[in-house]
Protein chains: 2
Amino acid sequence: MAVTLRDVARAAGVSPATASRALSAPDLVAPERRELVQRVARELGYRPNRAARELITGRSGHLCLVVPDLENPFFSAVAKAVQARARGAGHAVVVADAEEDPLLEAELVAQLGAQADGVLLCSPRMSAEDLADVAAGDRPVLLVNREGAGLPSVVVDNGDGVRQAVRHLRALGHRRVAYAGGPAGSWSDARRRDGLATAGVDVEVVDLGAHAPVFAGGVAAADLALASGATAVLAHNDLVALGVLDRLRTRGVRVPDDVSVVGFDDAPVATLVTPALTTVAVPLARLGRTAVDLLLAPRDDAAPRTVLPVELVVRGSTAPPPDRRPDLVEPR
Amino acid sequence: MAVTLRDVARAAGVSPATASRALSAPDLVAPERRELVQRVARELGYRPNRAARELITGRSGHLCLVVPDLENPFFSAVAKAVQARARGAGHAVVVADAEEDPLLEAELVAQLGAQADGVLLCSPRMSAEDLADVAAGDRPVLLVNREGAGLPSVVVDNGDGVRQAVRHLRALGHRRVAYAGGPAGSWSDARRRDGLATAGVDVEVVDLGAHAPVFAGGVAAADLALASGATAVLAHNDLVALGVLDRLRTRGVRVPDDVSVVGFDDAPVATLVTPALTTVAVPLARLGRTAVDLLLAPRDDAAPRTVLPVELVVRGSTAPPPDRRPDLVEPR
DNA sequence: TTGAAAGCGCTAACAG
DNA sequence: CTGTTAGCGCTTTCAA
């Protein structure tokens with residue numbers, strides 16, 4: 001059997017209450033007894049029983065993180081940061097993968113969130129109604145990469161991101177840009193479309209429709225992009241951009257000579273390919289850290305809506321369009 | 001306040017004991033009362049308090065998964081599978097990222113593992129001694145991608161993997177292959193070196209030394225590989241292989257025309273690049289699922305040591321070496 | 001088959 | 001500042 005607080009108290013010659021206080025609220029105990037208890041606890045290898053503590057305090061020491069897909073580098077980056085920050089704050093993290101399924105997502109939140117000190121909902125795919133239901137619970141919930149239901153949130157400036165991307169392409173001389181959008185219900189995708197509509201530069205944007213936020217989605221989008229006559233493709237995220245890149249290459253289209261490609265997120269994969277991806281860098285680690293800080297902070301005022309800045313990173317996948325490069329040997 | 005078992009019992013007109021049994025051990029309750037209680041519980045939205053249950057049963061309903069780096073696609077793939085399988089078995093998963101740090105790893109296992117129903121240690125970097133300490137605890141521990149300390153384990157056939165890779169290269173005509181190894185303490189890396197030594201084919205293997213199991217490690221290894229005069233590089237994993245690919249390209253070396261590259265794992269990134277990576281496919285999801293099954297299975301016999309098969313997947317990054325391709329326009 | 005009662009390990013009043 | 005007491009929500013003897 002494990003060492004209990006009673007064992008420590010007995011060995012230190014104090015009552016269980018004093019032992020408890022010496023470890024959990026040191027200020028309430030006389031210095032010498034406090035240190036005695038702490039020393040004894042250490043020597044005995046005492047580890048508080050979380051279940052017992054939770055039963056009375058109502059706090060489990062667990063945070064719950066729900067993501068649509070752990071294998072997506074965006075989410076694994078956030079998960080890593082969340083996990084690290086939570087550990088620093090004395091919390092363990094229960095991670096749940098919703099498999100891009102809105103229903104499973106809602107169920108996971110209900111199940112796992114119930115016994116957690118707080119829930120981090122990352123890019124939730126669930127409907128606004130389900131989100132409102134989630135928000136109605138008593139435990140704190142924080143949205144990452146989505147806003148809504150009056151819940152506190154951390155997002156990035158999606159509109160500014162696409163604006164930076166489009167301006168970059170316009171500066172290179174592109175006048176017709178295709179947008180390979182993300183999944184239908186994606187909140188961030190909607191924000192990016194808004195940004196596109198208000199980019200304020202003389203660029204025609206062709207909407208390629210919704211695509212799964214993965215490599216295969218990009219492959220499908222590439223053909224549409226080519227058919228659209230656009231000279232540049234802005235992808236929902238880096239994975240999609242990579243799919244575009246791959247398909248273009250398969251079809252004999254050179255990047256960036258013939259077509260430019262821009263990603264979003266700056267996930268680690270962005271620099272794993274050639275040409276390296278020009279992309280809108282999202283502060284992934286900061287997103288995760290901020291989420292934990294906000295979730296754990298005392299909720300004094302109204303639900304805070306935090307917006308983190310993004311920054312275009314120009315790499316090898318963007319260049320002037322063919323018609324702007326008369327120096328090319330074979331312009332077509 | 002949440003709905004408690006007492007509430008359910010009262011509403012159903014039975015004692016708390018009966019209500020408890022109706023939900024946790026249905027066989028012990030008369031059919032009609034059982035169904036009454038279950039219906040009332042459902043209607044009231046009753047959710048058992050895990051802490052209270054754990055306090056008495058000793059089971060938390062949590063598994064603990066410790067990985068060296070959540071952002072490494074190998075581990076995120078395993079984590080995803082573990083999480084899915086655990087959910088199916090009614091368990092939540094606490095995920096911890098040890099940041100490739102053996103000390104932090106040991107600490108995490110001690111902290112988080114203590115109150116979990118079982119611990120999944122994936123590719124642990126810790127010393128054999130620390131591993132033995134971990135094994136000495138009372139809760140079940142299962143090793144993934146490592147064997148040792150008399151603990152049950154699930155691994156893949158590393159030796160067979162490198163053997164398949166080397167035979168493939170030999171068949172293409174390569175006679176000098178460089179091995180870009182993984183981190184110094186890596187168990188799987190040691191197994192692969194063993195496999196290399198006993199590949200049983202007429203191939204000279206050049207050891208490039210230890211490298212971080214990430215992109216940057218491969219970049220460093222590429223220069224060594226070039227200097228070694230090898231015509232093919234076998235990398236510790238796909239990330240390293242991608243680093244090799246990138247550096248070779250930067251230095252003007254064509255893959256696979258001048259040098260062939262083989263990865264290990266077949267992580268999703270393997271098909272995201274051009275040329276797509278020839279690699280030893282590891283059944284990542286199966287690894288995770290098997291780990292959960294074994295951890296949760298009643299430990300009847302001695303610690304099982306499961307070995308999963310691997311399979312070489314030939315893609316575009318391997319081809320005959322230059323001297324075997326006299327048809328090339330520019331052999332050098 | 002059911003209920004009463006005890007208690008898991010810990011913390012939070014409440015006195016002293 | 002410290003000890004006594006009670007009890008968190010649940011399961012599990014033990015009797016009935």
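All figures in this text were calculated on a predicted structure; none of them were measured in a lab.

Undergrad: Is there a simple way to think about the pairing of strand E6 (residues 176–181) of chain A in this case?
TA: The side chains of a regular strand alternate between both faces of the sheet. All names here are of chain A. In terms of burial, E6 is largely enclosed, as five of its six residues are buried. Relative to strand E7 (residues 204–210), E6 runs parallel, the two being bridged by five bridges. Considered in E7, the bridge of Val 177 is made with Val 205. Of the crossover connections in this fold, the one passing from E6 over helix H9 (residues 187–197) to the parallel E7 is right-handed. The pairing of E6 with strand E8 (residues 232–235) spans four bridges and is classified as parallel.

Undergrad: I keep staring at the domain arrangement of chain A and nothing clicks. Help me out?
TA: Here the domain parsing of chain A yields domain 1 (5–57), domain 2 (62–156 + 287–307) and domain 3 (158–284 + 313–328). On a C-alpha basis, the centres of domain 1 of chain A and domain 2 of chain A stand 33 Å from each other.

Undergrad: Can you help me understand the protein's contact with DNA strand C in this one?
TA: In the neighbourhood of DNA strand C, 25 residues make up the surrounding shell, with Leu5(A), Tyr46(A), Arg53(A), Thr18(B) and Arg33(B) lying closest. Counted by atom, the contact set of DNA strand C within 4 Å of the protein is 67% sugar and phosphate. With respect to DNA strand C, the side chain of Arg21(B) contributes an N or O atom lying 2.7 Å from a base nitrogen. One of the backbone nitrogen or oxygen atoms of Ala30(B) is found 2.8 Å away from a phosphate oxygen of DNA strand C. Elements that contribute at least two residues to the surface near DNA strand C include exactly helix H2 (16–24) and helix H4 (50–57) of chain A together with helix H2 (16–24) and helix H4 (50–57) of chain B.

Undergrad: I would appreciate a short explanation of the relation of the copies chain A and chain B in the present structure.
TA: Here the second copy of the chain follows from the first by a rotation about an axis and a shift along it. The transformation that overlays chain A on chain B combines an axial shift of 0.0 Å with a rotation of 180 degrees, and the residual RMSD is 0.1 Å. Seen this way, the second copy is the image of the first under a two-fold rotation axis. Most of the interface of chain A is mirrored in chain B: 100% of its interface residues are interface residues there too.

Undergrad: What exactly am I supposed to notice about the sheet that holds strand E9 (residues 260–265) of chain B here?
TA: One key point about sheets: their strands pair by backbone hydrogen bonds, in either a parallel or an antiparallel sense. Residues and elements named next belong to chain B. Read from one edge of the open sheet, six strands run E7-E6-E8-E9-E10-E12, paired in mixed fashion. Two strands lie at the open edges of the sheet, namely strand E7 (204–210) and strand E12 (311–313), each paired on one side alone. Going from strand to strand, the sheet's axes swing by 20 degrees on average, the running direction of each strand aside. Bridge count between strand E8 (residues 232–235) and E9: three bridges; the pairing is parallel. Bridge pairing in E9 places Val 233 opposite Val 261. Along the sheet face, helix H10 (residues 215–228) touches strand E6 (176–181), E7 and E8 and points at about 150 degrees away from the line of E7.

Undergrad: When you look at the pairing of strand E1 (residues 62–67) of chain B in this model, what are you seeing that I'm missing?
TA: Residue and element names in this part refer to chain B. Of all six residues in E1, six are buried; the element is thus mostly enclosed. Of the two faces of E1, the one lined by His 62, Cys 64 and Val 66 and the one lined by Leu 63, Leu 65 and Val 67 are each fully buried. In terms of strand pairing, E1 meets strand E2 (residues 92–97) through six bridges, oriented parallel. By the bridge assignment for E2, His 62 is matched with Ala 92. In this fold, E1 hands off to helix H5 (residues 73–88), which returns the chain to E2; that crossover is right-handed.

Undergrad: Before we go on, may I ask you to explain the layout of surface pockets in this structure?
TA: Summary: where empty space remains is shown by rolling a probe the size of a single water molecule over the atoms. Within this model, the second largest pocket holds a volume of roughly 1200 Å³. Lining the second largest pocket are 33 residues, and of these Ala2(A), Val3(A), Arg47(A), Ala114(B) and Gln115(B) lie nearest its centre. Elements that contribute at least two residues to the lining of the second largest pocket include exactly H2 and H4 of chain A together with H4, helix H6 (102–113) and helix H7 (128–136) of chain B. Among the residues making up the lining of the second largest pocket, the classes are represented as 16 nonpolar, eight polar and nine charged.

Undergrad: How should I be thinking about the environment of Asp202(B) in this particular structure?
TA: Residue and element names in this part refer to chain B. Looking at the secondary structure, you find Asp 202 in the loop between helix H9 (187–197) and E7. Take Asp 202: its relative accessible area is 47%, and that puts it in the partly exposed class. In this structure the C-alpha to C-alpha distance between Asp 202 and Ala 135, which are 67 residues apart in sequence, comes to 41 Å. What Asp 202 contacts, discounting residues up to four positions off in sequence, is Arg 170 and Arg 175.

Undergrad: Where do I start with the interface of chain A and chain B in this structure?
TA: By convention, interface size is frequently given as the accessible area that disappears when the constituent parts associate. Taken together, the contact between chain A and chain B spans 44 residues of the former and 44 residues of the latter. Carbon and sulfur atoms make up 60% of the surface buried where chain A meets chain B, a total of about 3600 Å² over both sides. The three residues of chain A that bury the most area against chain B are Glu71(A), Lys80(A) and Leu272(A), which together make up 17% of that side's buried surface. Linking chain A with chain B are six salt bridges, by the criterion used here. With a shortest N-O distance of 2.9 Å, Asp97(B) and Lys80(A) are connected by a salt bridge. Taken together, the connections running from chain A to chain B amount to 16 residue pairs in polar contact (both at pLDDT 80 or more). Mapped by element, the contributors of at least two residues to the side of chain A that touches chain B are H4, helix H5 (73–88), strand E2 (92–97), helix H6 (102–113) and helix H11 (238–250) of chain A. Here the side of chain A that touches chain B takes seven residues from H5(A), the largest share from any one element.

Analysis parameters
- Residues numbered from 1 in each chain as written.
- Chains lettered and ligands numbered in written order.
- Predicted model: local features only at pLDDT ≥ 70, side-chain atom pairs only at ≥ 80, totals over all residues.
- Heavy atoms only, no water.
- Buried < 20%, exposed > 50% of the residue type's maximum accessible area, 1.4 Å probe, protein only.
- Helix = DSSP H or I, 4+ residues; strand = E, 2+ residues; numbered from the N terminus.
- Pairing = 2+ DSSP bridges.
- Right-handed = clockwise from strand over helix to strand, strands pointing away.
- Domains from an automatic or database assignment.
- Near = heavy atom within 4 Å.
- Polar contact = N/O pair within 3.5 Å; in protein donor to acceptor, adjacent residues only side chain to side chain.
- Least-squares fit on C-alpha atoms with pLDDT ≥ 70 in both.
- Contact = heavy atoms within 4.5 Å.
- Axes fitted to C-alpha atoms, helices over the stretch in contact; angles between N-to-C directions.
- 1 Å grid on protein atoms, 1.4 Å probe; cavity = no way out; pocket = protein on both sides within 12 Å on 5 of 7 lines; lining within 4 Å.
- Points joined across faces, edges and corners; volume = space filled by probe spheres on them.
- Nonpolar A, V, L, I, M, F, W, Y, C, P; charged D, E, K, R; others polar.
- Buried area = accessible area lost by both parts, 1.4 Å probe.
- Salt bridge = Lys/Arg side-chain N within 4 Å of Asp/Glu carboxyl O.

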